[in-house]
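# Examination of the molecular architecture
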Amino acid sequence: MQTAEPGNGEFAGEGPSASDLDRLKELLVGEELGALDAMQARIAHLDRKQHELPARLPDAIEDAQVGEGSARMAQALAQPVTQALGAAVRENRQIIVDVLFPVIGPAIRKAIAEALRNLVADLNGAIESSLSVRGMRWRIEAWRTGVPYAQIVLKHTLTYRIDHVFLIERESGLVLDRQSAPGLEELDADAIAGMLTAIGEFVHDSVGRGGGNTLDSARVGEHVLWVLQGPRANLACFIHGVPPTGLHAVLEQRLEEIHTHLGDVGDGGGIDDAWRNSLRPDQLARAASEAEAESPRRTATARWPLLLIMLAVLGLLTWFFVRNERWNANVEALRARLSAHPGFLLTGIDERGRDALIVRGLLDPDAQPLDVSAGSTVPVQLSAAGYVSTDDAVIARRAHRLLAAPPSVQVVVRDGVLGLDGRADASWIEAAHEHAAWIAGVRDVRIAVTPSVDEAALARERFDALVKSIPLLRVTFVRDLEPVAGVEATVDQVARDAREAAELAKGIGKRIEWIAVGTNDDPGSASINARLRGDRARWLAEALSARGVANVRSAGDAEFDVAAIRQRGAFLRAALREAQP
Amino acid sequence: MSAAARKLCMLGDFGVGKTSLVSRFVRSTFSEKYLTTVGVKVDSKEIALPGRAPCKLVIWDIAGRSHLDALNMTYLRGASALLLVADGTRERSLHSALNLLMQSRSLLPDAVVVVAVNKIDLVEQWEVAPTALVELRRTLPVFETSARTGEGVEAAFAEIATRLAA
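All values reported here derive from a predicted model rather than from experimental measurement.

## Some thoughts on the overall build of chain A
Scanning chain A for helices and strands turns up 15 helices and 16 strands. The 581 residues of chain A split such that 31% are buried. Of the contacts made within chain A by residues no fewer than 6 positions apart, 60% connect residues no fewer than 24 positions apart. Split by element, the accessible area of chain A, about 35,800 Å² in all, is 56% carbon and sulfur.

In structure tokens, the structure reads:
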């Protein structure tokens, strides 16, 4: 309590007594002193309440939660609590991380597991759509065993081995525990753990400064290193091969569980045997396998799409096979036909898809016309160059063309030997002798063509001779119409000659009419003789008609002057006219 | 159960012989190239102590420099012991070692500290005065060592192991 004291300059000599001063002060500032005492008492009271505040604060907060005070309390604390939390995170980050680690770890793991499950589902969808032989084999195995396809794929593709597991104290880099697969070479675990920690710090300091980035994994060839970070300890796992994602989750779980027990372990004391066993490679692999097996199985792969696909593929293959066989048969038939065609040398058949064919080859101009499209179901195009064939048939056609052989000449080629046979003009024969040997492909020539005669002239000559000789064949009678003995032979001769002459007349453009003429000797009256000439002419006409001579009539009495012929007989003569065209 | 492992950090100026001392003491697992890349090389060795359980020293050979940067400080974390190495032929290296000790004290207040003044085989060239060593021995255990001959090396590491096991 402050008291009013006299200044060094006041009351410098013998001063008043203390009671006097008190009385004087009371007179001067008595009212203020009273107010001052009251304020001091209030301050003392407030001091006491402030000292009691920590003890009363929990009760006061609880009281404030009742009724409407709850919302007001939350509103009042919102700002300071936010600021306090922010300051705590900035200044004591490690404590916050340590506190939240058991909570954040499972949450993150769950989120990652869900994301991975979706990823695997997508991957499964992609793999399921593949039609590789291996994929089909795995799909059949999944179908046969009822195991999801994705699991079969994982089983066949993910082979790994956990070589070493290090539980490393995060701060010092010392090994808290180390487990290795049997049969591996002994190694300096402390040195490796130390270097791993140092490299992790180096990486963090070099590239992850200012963030929570750490060395989480590394890969060298087929070896994978996983480093799982914990607040107090890290778990390093050296793996050979491709580990399943479930293993990482198992390691995270192990690390979290170990952290809950690390508080009971002294520095450098490691962990107890139970947790040590849980880090053994075989235990971890088993746990990872169980985790994979316990993951929710997908609905078994529907079988009907596979059956449908297989049927479709089978049908497609059958159709393709049949179509291919039919196509090949057509091509082979075309090839055989073209190869057998004289004068065409087939060099190839090009296929333009299954829509058209292009036949390539060499074609002799003297060959028979080639119809490449005959019998084909698709358009066939011919692409041919010229050449000279030595095929006998083509040589024969060539010889026929070059020699201009008349129809009476037969052209035959056998083994390259040209044979000419028949009749032809002497001039043609001479030209054939001159040119035949020069025909391409002809190895030798055999010409047996005889010079031809003028058939028409011969016929005309023979006709004229017959026309002249027939009247000279006389049928004689003993009397009236009684023929002499042996007259039948004469009549037959006349009939033969008449028929031949009639036949020859057709070839020389003549039209012939036969006229039977009767004759008589001197005795008798003229009328009787005329009647006898007529009767004898009719007798001969009838006899010739009976023997197949056409166009015969008996001559009238006045048609011919037969007075000079004094003979009881009859003869035949021809009346000729030019045939009508 | 295997020996308890304790972390020992080697501190000292460049060229004082830290790596040589470690090489003399252990058969290294890792190449020295890590000193120039990562800045540290880690080895370990188990030391038998008479009448006591063996002690395994995990030795962090930190690249030599006269002051500690942030990365070196992270390397020091969790260390139970420090071996300060100085070159007897360079008095300044002893000052650097003591300076490094002062810097590391904030991070490792309770660490066991031993001083190795190296290159005793070149004692005729020493700049470090014997009186200075006498003065230093009043506060810290000091060993005169030679990585070349091996003199004092085992003793220095054994002293650390003994103090750690105490």
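## Quick notes on the sheet that holds strand β15 (residues 552-554) of chain A
Residue and element names in this part refer to chain A. What the five strands build is an open sheet, ordered β13-β12-β16-β14-β15; its pairing is mixed. The two strands at the open ends of the sheet, each matched to only one other strand, are β13 (482-483) and β15. Where strand β14 (residues 510-519) lies against strand β16 (residues 569-578), 10 bridges are found, and the strand directions are antiparallel. Within β16, the residue paired with Gly-518 across the bridge is Ala-570. Against the sheet, helix α15 (residues 526-546) touches β12 (475-479), β13, β14, β15 and β16, its axis set at about 135° to β14.

## Re the pattern of salt bridges
All names here are of chain A. Scanning all chains against the criterion turns up 29 salt bridges over all chains. Between Arg-401 and Asp-366 there is a salt bridge whose closest N-O contact spans 2.6 Å. Taken together, the residues span a long stretch of sequence, with Arg-401 in helix α11 (residues 392-403) and Asp-366 in the loop between β7 (356-363) and β8 (380-386) at a distance of 35 residues. Note that Arg-446 is salt-bridged to Asp-444, the shortest N-O span being 2.5 Å. Given the relative accessible area of 31%, Asp-444 is considered partly exposed.

## Considering the interface of chain B and chain A
The partner chain A presents 17 residues to the 22 residues of chain B that form the contact. A salt bridge links Asp190(A) to Lys56(B); the shortest N-O distance between them is 2.4 Å. For the pair chain B and chain A, the interface holds four residue pairs in polar contact (both at pLDDT 80 or more). Counting only elements with at least two residues in the side of chain B that touches chain A, the list comes to β1 (4-12), α2 (33-37), β2 (40-47), β3 (55-62) and α3 (70-76) of chain B. With five residues, the top contributor of residues to the side of chain B that touches chain A is β2(B).

## Some thoughts on the environment of Arg134(A)
Counting through the fold element by element, Arg134(A) comes out in helix α4 (residues 133-145). A relative accessible area of 47% means that Arg134(A) is categorised as partly exposed.

## A word on the confidence of the model for chain B
Looking at chain B as a whole, its pLDDT mean stands at 89, while 96% of the residues score no less than 70. Here the prediction assigns the complex a pTM of 0.45, and the interface score ipTM is 0.84.

## Structural notes on the nonpolar core
One recurring pattern in soluble globular proteins: nonpolar side chains tend to sit buried together. Counting 36 residues, the largest nonpolar core has Leu11(B), Trp60(B), Tyr75(B), Leu76(B), Leu82(B) and Val115(B) as the members making the most contacts within it. For this core, the element with the most residues is helix α4 (residues 91-105) of chain B, which contributes four residues.

## Describing the environment of Pro523(A)
Residue and element names in this part refer to chain A. Within the element layout of this structure, Pro-523 appears in the loop between β14 and α15. Pro-523 gets classed as exposed once you look at its relative accessible area, which sits at 53%. The spatial distance from the C-alpha of Pro-523 to the C-alpha of Arg-566 is 9.5 Å, given a sequence separation of 43 residues.

## Remarks on a nonpolar patch on the surface
Side chains of Ile95(A), Val99(A), Leu100(A), Val103(A), Ile104(A), Ile108(A) and Ile112(A) sit close together on the surface and give an oily, nonpolar patch of about 610 Å² of accessible area. Along the chain, the position of Leu100(A) falls in helix α3 (residues 93-128).

## Describing helix α1 (residues 18-25) of chain B
The complete set of buried residues in α1(B) reads Lys18(B), Thr19(B), Leu21(B), Val22(B) and Phe25(B). Down the axis of α1(B), the buried side of the element spans an arc of 160°, and every buried residue falls inside it.

## Things to note about the pairing of β14(A)
Regular strands have side chains that alternate between both faces of the sheet. Residues and elements named next belong to chain A. Among the 10 residues in β14, eight count as buried, and that is most of the element. Both β14 and β15 contribute to a ladder of three bridges, which runs parallel. Within the sheet, the bridge partner assigned to Trp-514 lies in β15 and is Val-552.

## Here's the deal with the packing of aromatic side chains
Scanning the model with the defined rule gives four aromatic pairs over all chains in all. When the centroid spacing of 5.5 Å and the interplanar angle of 70° are considered together, the rings of Phe166(A) and Phe238(A) count as edge-to-face. Placement of Phe166(A) in strand β1 (residues 160-169) and of Phe238(A) in strand β5 (residues 233-241) is noted, with a sequence separation of 72 residues between them. Consider the rings of Phe25(B) and Phe157(B), whose centres lie 3.9 Å apart with planes at 5°: the pair is stacked. Remark: Phe157(B) occurs in helix α6 (residues 153-165) and Phe25(B) occurs in helix α1; sequence separation between them is 132 residues. Phe25(B) gets classed as buried once you look at its relative accessible area, which sits at 3%. Residue Phe157(B) is classed as buried on the basis of its relative accessible area of 1%. Across from the ring centre of Phe25(B), 4.4 Å away, lies the NZ or CZ of Lys45(B), which sits over that ring.

## Focus on the side chain of Asn72(B)
Residue and element names in this part refer to chain B. Along the chain, the position of Asn-72 falls in helix α3. According to the relative accessible area criterion, Asn-72 is buried, its value standing at 3%. Excluding residues that lie within four positions of it along the chain, Asn-72 makes contacts with Ile-62, Arg-65 and His-67.

## Brief notes about the packing of α1(B) against α6(B)
All names here are of chain B. Orientation of α1 relative to α6, taken along the N-to-C sense of each, is 85°, at an axis distance of 10 Å. As judged from the angle between their axes, α1 and α6 are roughly perpendicular. For the pair α1 and α6, the contacting residues are Leu-21, Arg-24 and Phe-25 in the first and Val-153, Glu-154 and Phe-157 in the second.

## As for the sheet that holds β1(A)
Residues and elements named next belong to chain A. The antiparallel open sheet is built from five strands, whose spatial order is β2-β1-β5-β4-β3. Every interior strand has two partners, whereas the edge strands, β2 (175-180) and β3 (217-220), have only one. Neighbouring strand axes in the sheet, compared pairwise and without regard to direction, differ in orientation by 15° on average. Sheet topology note: the β1/β2 ladder contains five bridges and is antiparallel. Directly across from Val-165, in β2, lies its bridge partner Gln-179. Contacts from helix α6 (residues 189-207) reach β1, β2, β4 (223-228) and β5, with the element oriented near 75° to β1. Here helix α7 (residues 245-262) sits on the sheet in contact with β1, β2, β4 and β5, set at roughly 155° to β5.

The rules behind the values
Residues numbered from 1 in each chain as written. Chains lettered and ligands numbered in written order. Predicted model: local features only at pLDDT ≥ 70, side-chain atom pairs only at ≥ 80, totals over all residues. Heavy atoms only, no water. Helix = DSSP H or I, 4+ residues; strand = E, 2+ residues; numbered from the N terminus. Buried < 20%, exposed > 50% of the residue type's maximum accessible area, 1.4 Å probe, protein only. Contact = heavy atoms within 4.5 Å. Areas by Shrake-Rupley, 256 points an atom, 1.4 Å probe, with all protein chains shown as cover. Pairing = 2+ DSSP bridges. Axes fitted to C-alpha atoms, helices over the stretch in contact; angles between N-to-C directions. Salt bridge = Lys/Arg side-chain N within 4 Å of Asp/Glu carboxyl O. Polar contact = N/O pair within 3.5 Å; in protein donor to acceptor, adjacent residues only side chain to side chain. pLDDT = per-residue confidence, 0-100. Core = buried A, V, L, I, M, F, W, Y, C linked by side-chain atoms within 4.5 Å. Patch = residues over 30% accessible without salt bridge, like charges linked within 9 Å, V, L, I, M, F, W, Y side chains within 5 Å. Arc of directions from axis to C-beta. Phe/Tyr/Trp six-rings, centres within 6.5 Å; stacked < 30°, edge-to-face > 60°. Lys NZ or Arg CZ within 6 Å of the ring centre and 35° of its normal. Parallel < 35°, antiparallel > 145°, perpendicular 65-115°, else oblique.

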